[in-house]
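# Results of the structural survey
These are the residues of each chain, in order.
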Amino acid sequence: MPLPDNQIIGTIDELQAQELLVSHIGASRETLDRFRAYQSLLEKWAPRINLVGASTLPYFWSRHILDSAQILPLAPPNAVSWVDFGSGAGFPGLVLAVLLENRPQSTLFLIEANTKRCAFLREAARAMEVKVEIIQAKIEDVAPIKLDVVTARAFTSLDQLMTYAVPWMAQSGHALFPKGQDIQAELIKASTRWQFQSIIYPSLSDSRGCVVKIFNCHSKLGLCQL
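In short, a report on the structure.

Definitions and cut-offs
- Residues numbered from 1 in each chain as written.
- Predicted model: local features only at pLDDT ≥ 70, side-chain atom pairs only at ≥ 80, totals over all residues.
- Heavy atoms only, no water.
- Helix = DSSP H or I, 4+ residues; strand = E, 2+ residues; numbered from the N terminus.
- Rg over C-alpha atoms; globule rule 2.2 N^0.38 Å.
- Buried < 20%, exposed > 50% of the residue type's maximum accessible area, 1.4 Å probe, protein only.
- Areas by Shrake-Rupley, 256 points an atom, 1.4 Å probe, with all protein chains shown as cover.
- Lys, Arg positive; Asp, Glu negative; His and termini not counted.
- Charge placed at Lys NZ, Arg CZ, Asp CG, Glu CD.
- Phe/Tyr/Trp six-rings, centres within 6.5 Å; stacked < 30°, edge-to-face > 60°.
- Lys NZ or Arg CZ within 6 Å of the ring centre and 35° of its normal.
- 1 Å grid on protein atoms, 1.4 Å probe; cavity = no way out; pocket = protein on both sides within 12 Å on 5 of 7 lines; lining within 4 Å.
- Points joined across faces, edges and corners; volume = space filled by probe spheres on them.
- Nonpolar A, V, L, I, M, F, W, Y, C, P; charged D, E, K, R; others polar.
- Contact = heavy atoms within 4.5 Å.
- Core = buried A, V, L, I, M, F, W, Y, C linked by side-chain atoms within 4.5 Å.
- Pairing = 2+ DSSP bridges.

Let us look at the overall build of the protein chain. Secondary structure summary: the protein chain contains seven helices and seven strands in total. Helices and strands appear in the protein chain in the N-to-C order α-α-α-β-α-β-α-β-β-α-β-α-β-β. At 16 Å, the protein chain has a C-alpha radius of gyration in line with the 17 Å of a compact globule built from 226 residues. Taken across its 226 residues, the protein chain has 54% of its residues classed as buried. Summed over its atoms, the accessible surface of the protein chain is roughly 10300 Å², and 51% of this surface lies on carbon and sulfur atoms. Positive and negative side-chain charges in the protein chain, numbering 21 and 21 respectively, have mean positions lying 4 Å apart.

This is the structure in structure tokens:
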């Protein structure tokens, strides 16, 4: 999903973002080169199709790459099956795919309904030489399979995300969602329909944001139990 222009990071600069990718995420110099190829392609395609807010492009490393990559170390180290809902321009899905290459058994599904965005995802995956499974469809039209990790960024409210995510989560599965400063309100709303455990991690890319981990989740109405 495209991100609003007003969600621009001002907390770290682009060089700091690259340094954090190396020091905190473990990205190699080769990985950074792959992200540079991604950046070039995004800048080429963005004026033609609605991928990200134009004013976020100068903040590629902080707003998009680091914001996506910070999910990886929060997931279980043995997680090998992933799905990204509403992948849009590939954040966080394509970023995670690059970082997961040292786990050769990993599988990552990107679900995106828009035809043009799917075309971009395929081209970006080729440019970065990563293997992903791109599914062009609405999430509600895809038969869920049980996976280790569910992700989504700037897609919908936490309550609705859990409606989509729980059918995809294995018994020991986790959902990891980058969220903003209203996360407590979203958790309270979600708790009216869902019973779950959660952990909130401060964002590496934006002091106002966080990543929320959801696990041991089931419907209070018993509609979607794991």
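On to the packing of aromatic side chains. Using the criterion set out here, one finds nine aromatic pairs in the structure. Here Trp 45 and Phe 120 contribute two aromatic rings whose centre-to-centre distance is 5.5 Å and whose plane-to-plane angle is 65°, an arrangement assigned as edge-to-face. Here the residue Trp 45 occupies a position in helix α2 (residues 29–45), and Phe 120 occupies one in helix α5 (residues 115–128), the gap between them amounting to 75 residues. Three or more aromatic residues joined by ring pairs form one cluster here, namely Phe 35, Tyr 38, Trp 45, Phe 60, Trp 61, Phe 91 and Phe 120. Against the face of Trp 45 rests Arg 48, its NZ or CZ located 5.1 Å from the ring centre.

Counted as a void, the second largest pocket has a volume near 210 Å³. Lining the second largest pocket, in full, are Ala 97, Leu 100, Glu 101, Arg 103, Pro 104, Ser 106, Thr 107, Leu 108, Lys 131, Val 132 and Glu 133. Along the lines of polarity and charge, the residues of the lining of the second largest pocket split into five nonpolar, two polar and four charged.

What follows is about the side chain of Ser 68. Within the secondary structure, Ser 68 sits in helix α3 (residues 60–69). With relative accessibility at 0%, the residue Ser 68 sits in the buried group. Setting aside chain neighbours within four positions, we find Ser 68 in contact with Phe 91, Pro 92, Val 95, Leu 96 and Arg 153.

What follows covers the nonpolar core. Within the largest apolar cluster, 49 residues are counted, with the highest numbers of intra-cluster contacts made by Phe 35, Tyr 38, Trp 82, Leu 94 and Phe 120. Breaking this core down by element, the ones donating at least two residues are α1 (14–23), α2, α3, α4 (93–99), β2 (107–112) and α5. When sequence neighbours within four positions are dropped, the list of residues in contact with Phe 120 reads Tyr 38, Leu 41, Leu 42, Trp 45, Ile 49, Leu 51 and Ala 89. Counting residues in hydrophobic clusters, the runner-up holds 28 residues, among them Phe 85, Leu 147, Met 169 and Phe 177.

What follows covers unusual backbone geometry. Geometrically, the link from Phe 91 to Pro 92 is a cis peptide bond, its omega value of 10° lying close to zero. As for its position among the elements, Pro 92 is in the loop between β1 (81–85) and α4. If you check the backbone angles, Glu 129 has positive phi at about 60° while not being a glycine. Along the chain, Glu 129 turns up in the loop between α5 and β3 (133–136). A relative accessible area of 59% means that Glu 129 is categorised as exposed. At Asn 216, a residue that is not glycine, the phi angle is positive and equals roughly 50°. Mapping Asn 216 onto the fold places it in strand β7 (residues 210–219).

With that out of the way, let us pick up the pairing of β7. Two faces make up the sheet, and in a regular strand the side chains alternate between them. With respect to burial, β7 is a largely interior element, eight of its 10 residues being buried. Pairing of strand β5 (residues 169–179) with β7 involves six bridges; the strand directions are antiparallel. By the bridge assignment for β7, Lys 179 is matched with Cys 210.

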